[in-house]
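Notes for the structure review
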Amino acid sequence: LLDRLIVHLVRFNGGLRVLLGLLRLGSAHLGGGHAGVELVLLGTHLAVLGIQICLFALQLALNNSPETFEHNQRKLLQYVSPEQRGATEVFLTAQGRRMKSANASVHMLPEAVETRAGTMQVSVRGNVRQFIGDKLTSMRKKCWIVKFTYRNSRLWLETMQEADCKRPFEPMKPTGEI
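In this report, the structure presented in the accompanying data block is examined. (Residues numbered from 1 in each chain as written. Predicted model: local features only at pLDDT ≥ 70, side-chain atom pairs only at ≥ 80, totals over all residues. Heavy atoms only, no water.)

**Some points on the sheet that holds strand E3 (residues 135–151)**
Hydrogen bonds between backbone atoms are what pair the strands of a sheet, whose relative direction is either parallel or antiparallel. Convention followed: In this description, strands pair whenever DSSP reports at least two bridges between them. We count a stretch as a helix when DSSP gives it H or I for four or more residues in a row; a strand needs E for two or more, and each element gets its number in order from the N terminus. Interaxial angle, 0 to 180 degrees, is taken between N-to-C directions of lines fitted to C-alpha atoms, where a helix line uses only the stretch in contact. Here a residue-residue contact requires only that any non-hydrogen atoms of the pair lie within 4.5 Å.
The strand order across the open sheet built from five strands is E1-E2-E3-E4-E5, with neighbouring strands paired in antiparallel fashion. Across the chains shown, the open sheet's two edge strands, defined by having one partner strand only, are strand E1 (104–116) and strand E5 (167–171). Here the strands of the sheet are splayed against their neighbours by 40° on average, with no regard to which way each runs. Two elements, E1 and strand E2 (residues 121–132), share twelve bridges in a ladder whose sense is antiparallel. Residue pairing in the sheet places Glu114 in a bridge with Ser123 of E2. With respect to the sheet, helix H5 (residues 82–102) is in contact with E1, E2, E3 and strand E4 (154–164), its orientation differing from that of E1 by roughly 140°.

**Description of the packing of helix H4 (residues 69–77) against H5**
Helices that pack against each other are described as a pair by the angle of their axes relative to one another and the distance between those axes. We apply this condition: We call two directions roughly parallel when the angle between them is under 35 degrees, roughly antiparallel when it is over 145, roughly perpendicular when it lies between 65 and 115, and oblique otherwise. Amino acids are sorted into nonpolar (Ala, Val, Leu, Ile, Met, Phe, Trp, Tyr, Cys and Pro), charged (Asp, Glu, Lys and Arg) and polar (every other residue, Gly among them).
It is at 11 Å that the axes of H4 and H5 come closest, and there the two elements cross at 170°. One way to sum up the angle between H4 and H5 is to call them roughly antiparallel. Along its contact with H4, which presents Phe69, Glu70, Gln73, Leu76 and Leu77, the element H5 presents Arg85, Thr88, Glu89, Leu92, Thr93, Gly96, Met99 and Lys100. Of the residues in the contact of H4 with H5, the class split is five nonpolar, four polar and four charged.

**A short note on the packing of aromatic side chains**
Our working rule: Working definition: rings of Phe, Tyr and Trp (its six-membered ring) pair if their centres are within 6.5 Å, and the pair is stacked with planes under 30 degrees apart, edge-to-face with planes over 60 apart, and tilted otherwise. For every residue, the accessible area obtained with a 1.4 Å probe (protein chains only) is divided by the maximum for its type, and the residue is called buried under 20%, exposed over 50%, and partly exposed between those limits. Note on geometry: a ring has a charge over it if NZ (lysine) or CZ (arginine) is within 6 Å of the ring centre and within 35 degrees of the ring normal.
Enumeration over the complete set of coordinates arrives at one aromatic pair. Relative to Tyr79, the ring of Phe56 lies with its centre 5.5 Å away and its plane at 85°, an arrangement referred to as edge-to-face. Of the two residues, Phe56 is situated in helix H3 (residues 35–62) and Tyr79 in the loop between H4 and H5; the sequence distance between them amounts to 23 residues. Take Phe56: its relative accessible area is 36%, and that puts it in the partly exposed class. Judged by its relative accessible area of 28%, Tyr79 is partly exposed. The side chain of Arg154 reaches across the aromatic face of Trp156, ending 4.0 Å from its centre.

Okay, here's the thing in structure tokens:
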């Protein structure tokens, strides 16, 4: 219950103060108001929140068809940092045009997630299936790195890059960057 409440309040308010207040309440239930307990709880909740936001962003970016693309693009751009929004929109628009002209769709099924809280990065490995019309044309394992930044009391999506699955926090090449 406390976890759900924290996630909803952070989404609603976007404020870290609310989260810290609830964590103090949670640490009191654990028998301590110690800063160490609060930091562990804060780190855990931020890691879970980062994973949830990462998977949501990847679903918007990588689960697309000609019918869903424009909606997913608009929704994803709401989370992209203002400094990256223009380049991201250009990249996504070009991708959408290619998908529409080929009647293509793509779907990612996440399998594994790793986090690096210190650098605000999440790595996701999964199967990417590509279709032309209703025919499956390819299915490959791919990895993505999603990096966040925290500015002006808000968590922003900074970059989303294809990664080397053997080294999940190392980008492959700039062509897979969103």
